Structure formats: C-alpha cells, structure tokens
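Structural description and commentary
Each chain is listed here by its residues.
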Amino acid sequence: MAAIDFSSRVGVWWTSDRWSINEVIPRAREIEQLGYGSLFYGEAGGKEAFTQAAALLGGTERLVVGTGIANIHARSAPAAESGARTLGTVHPGRFVLGLGVSHAPLVEYSYAGSYSKPLSTMREYLATMDAVPPEVEPDARRPARLLAALGPRMIELSAEAADGAHPYLVTPEHTARTRELLGPDKWLVSEQAVALTTDRQTGLERAHQHLHVYSQLPNYRNSWLRQGFDESDLVVGGSDKLAEAMVAMGDTDAVAAHVKRHLDAGADHVVVQVLGEDHSADPLPALRELASALSLI
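Here the structure is a predicted model, which is why all the values come from computation and not from measurement.

Some remarks on unusual backbone geometry
Residue Ile69 follows Gly68 across a cis peptide bond; omega there is 20°. The phi angle at Asp139 is positive, at roughly 60°, despite the residue not being glycine. Mapped onto the fold, Asp139 is located in the loop between α5 (118-130) and β6 (144-147).

What follows is the structure, given as structure tokens:
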C-alpha cells in the first residue's frame, strides 16, 4: 500500500473553483498551520485537478493534497499515471490520487463521453495506469490511489486494484461497512460535510442547498437507498432526515463528535467540508473554530 504522510487524522475538503488559485494557496497554508492534515477537492468542470495539486503542494510544506476526485473521463489513464508519478516524486507521501467514474450527466454533457459499465471502465483504467512503463518517471514513488467508492463492488475494487477508498456523502455506518469490505490494510478517507451553527433551521438550509444537485444524481440516490433511506428522503435537496444524516450540524463539540464517529468506525482520515451561506463562502472561519475541538491545536 502506498504511503500517505498525514500529519493528523482530520483534513479539509474544499472545492475552490470560484476562487483564484492565488487566493487559495495562502488559505491552504493556514489550513496546514491549523493542524489539518490534508486538503482534498473535487473536479467537475472547474479547475484542472493536477495543475491545482501542483500549485497547492508547492505552496505548502507538509499538507497532503488529494483529488477527491479526479474524473477518469477528463484525461487518459497514461496521462493520469504519469502526472501522478511526477507529483509523487517531487512531493513524496503528500499527493493522493483520488479517482472516480463521475456521473452520467456530467460525463455525457461536459466531456461528450459514454457513461456505461462504470465498474469495468474503472478496472480497465487502473490496469492501463499500471501498464505505463517506469521510464516515464524513473525511480518514481507512486502516490496512493483511492477510488470514489459507494457501492460494494467499487469498494471491493478499491481493495483489489487500488490503495483504498474515498467515500463521499456517507454515514459513519457506511464507513464501518466500507472498512469491512476493504480489510484492515487499505486507506479509508471519508468525507463529512459540516454546518457549524446551533440554529437547526440554518443548518438545514445549508444542508438542503448542499444536497440539491447530489439528490438528482443516480449514483448518490442509489447509495442513500443502500444506506437505509427511502424514496421519500430523495426529494430535491433531500428530506430533513437525510440532511441531518449527511451533514454534521451544531457547535464545535457536536461536529467533532460526528467526525470521531467516522474515525471510530474505521476511517484512517476524515476530511471536513464546511458549508457556508453559499458555494463561494470562505471555509476558514469555521475551520479555525473547529481546530481546537478536533484536537488539532
């Protein structure tokens, strides 16, 4: 299993596509200084994942930077592998290549691709990465590969052909089941959305806004059904029950306790995604408040 040099067991998930990278880098430095062990981000038509990783790694000293996830339809497998090897060589132990099959509407609209047989597509993509010759980056330290895995078969592939899994929008109970399927020796990095507010209505508003798009995507809808929710929870924006299960709400102690549930369930590392008033909100004020409750400072 490829090494990841997390400095702590809690990191950050923040897709900063609406921010200039020159604004993001100093915030990444503060995230590092606050004691968070990582910064993960998505790739859904905004910033390109690998150039963003290079900028963030170069602008910090020990922060792990992870793609959560890099869309396999956005680049060929050899391009992903060679890019990852280069980043892993320059910044050993600090780059995590999270990979995912994305979603049919995005793949077919934004990338003009074909979204069929996602499991076999991912399996073939990983095999093609493995076939890239070592001369592409001699003596490279290959970075860890994590798969965006929600269903049991993709989790099993994460154990078989990757270094672990990076589940998103899941309960601690899902984290426990993922650990069982992965076994003890694979990385498990769970994402957890948080709304740092003691006003339940405000928390629900932020959660419903966050779930608005996801609740219309089949992959997440199917995942939530497997997690024990039913069709009545899958309204646009999610039901209150789903919102409160997917988003940790409350004061710093309540949020920290929810993060600990994932760690106790078997996650090696949890990345917190701060929900603000809108998608362009600065996560740092909340991250500063949370750092002490998470025992980071």
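Observations concerning the packing of helix α3 (residues 77-90) against α5
Contact geometry for α3 and α5: axes closest at 8 Å, N-to-C directions at 55°. What the angle tells us is that α3 and α5 run oblique. Crossing of α3 against α5: the hand is right-handed. For the pair α3 and α5, contact is made by Ala77, Pro78, Ala80, Glu81 and Arg85 and by Tyr125, Thr128 and Met129, respectively. Residues belonging to the contact of α3 with α5 are distributed by class as follows: 5 nonpolar, 1 polar and 2 charged.

Regarding the packing of aromatic side chains
On inspection of all chains with the given rule, the structure shows 8 aromatic pairs. Here Phe50 and Phe95 contribute two aromatic rings whose centre-to-centre distance is 6.1 Å and whose plane-to-plane angle is 55°, an arrangement assigned as tilted. Taken together, the residues span a long stretch of sequence, with Phe50 in helix α2 (residues 49-59) and Phe95 in strand β5 (residues 95-100) at a distance of 45 residues. No difference in accessibility class separates Phe50 from Phe95, as the two residues are buried. Where Tyr214 meets Tyr220, the ring centres are 5.2 Å apart and the plane angle is 75°; that geometry is what we call edge-to-face. By relative accessible area, Tyr214 is classed as buried at 19%.

What counts and what doesn't
- Residues numbered from 1 in each chain as written.
- Predicted model: local features only at pLDDT ≥ 70, side-chain atom pairs only at ≥ 80, totals over all residues.
- Heavy atoms only, no water.
- Helix = DSSP H or I, 4+ residues; strand = E, 2+ residues; numbered from the N terminus.
- Axes fitted to C-alpha atoms, helices over the stretch in contact; angles between N-to-C directions.
- Parallel < 35°, antiparallel > 145°, perpendicular 65-115°, else oblique.
- Left-handed = near helix turned anticlockwise from the far one by under 90°.
- Contact = heavy atoms within 4.5 Å.
- Nonpolar A, V, L, I, M, F, W, Y, C, P; charged D, E, K, R; others polar.
- Phe/Tyr/Trp six-rings, centres within 6.5 Å; stacked < 30°, edge-to-face > 60°.
- Buried < 20%, exposed > 50% of the residue type's maximum accessible area, 1.4 Å probe, protein only.

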